[in-house]
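Descriptive structure summary
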Amino acid sequence: MKMGWKGQGLGKSEQGITEPIKAGARDGKLGVGKQEQDEFYTAEENVERKKLNVEVEETEDMAKKREAESEREKKIKDELAEVRKVFYCELCNKQYKLATEFEVHLSSYDHNHKKRFKEMRDLQAAKTRDDRIRREQRRAEKEMARVTQTELQALRRRNRVLMQGLQQFLV
Ligand SMILES: [Zn+2]
């Protein structure tokens, strides 16, 4: 491969320029200030910076667009979730997209079997709860009766003592 400038242009098919650009070359027709301004705008790092500024502007614009887009997507997702909630069977943990599919499910054997099973279980749980409450009530009543009995016995004992004292006094 040929390297550098030796009469031919750079590149695969020698299509490039045949001479290097002279750094700091001055155009005699331009004043010093104009020349410097010209150099400033054509200097590689300044061209690069201008490009970056354009990119920043585009990015802000794109960020706004993205924000609006994600907000729109969230709204759609929320609406979809609302619609899905309507056709969701919590009992069977099954999601349906269409009202007709959901209705078919509600009248299916599978769903009704689960429903009966759940009702039975709920009933059993309620019965267990009622039994426990009744047991606790019975225990409380017994406890009350026992306390009353003890108090009655104490009262009778005191009365007996009092009566004995009175009888002794009367004798
Ligand atoms: Zn179901």
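For the protein, the name recorded in an unreviewed UniProt entry is G-patch domain-containing protein, with Chara braunii as its organism.

With that settled, consider the overall build of the protein. Across its full length, the protein holds four helices and two strands. Counted from the first residue to the last, the protein has its helices and strands arranged as α-α-β-β-α-α. Long-range pairs, those at least 24 residues apart, make up 6% of the contacts in the protein between residues at least 6 apart in sequence.

On to the UniProt feature "coiled-coil region" (unreviewed entry) in the protein, then. With numbering matched to this structure, UniProt assigns "coiled-coil region" (unreviewed entry) to residues 123-153. Regarding residues 123-153, the helix share stands at 100% and the strand share at 0%, and the terminal C-alpha atoms are separated by 45 Å.

Glancing now at unusual backbone geometry. Notably, Asn93 is not glycine yet its phi reads approximately 55°, a positive angle. Here Asn93 shows up in the loop between strand S1 (88-89) and strand S2 (94-95). What makes Asn93 exposed here is the crowd of 8 C-beta atoms within 10 Å.

For the rest of this paragraph, the subject is the environment of Val86. The topology assignment puts Val86 in helix H2 (residues 44-86). Taking the C-alpha atoms as reference, Val86 lies 8.8 Å from Tyr96; in sequence the two are ten residues apart.

Definitions and limits used
Residues numbered from 1 in each chain as written. Predicted model: local features only at pLDDT ≥ 70, side-chain atom pairs only at ≥ 80, totals over all residues. Helix = DSSP H or I, 4+ residues; strand = E, 2+ residues; numbered from the N terminus. Contact = placed C-beta atoms within 7 Å. UniProt positions renumbered as here; feature names shortened; annotations may be inferred. Buried ≥ 20, exposed ≤ 12 C-beta atoms within 10 Å, placed from the backbone.

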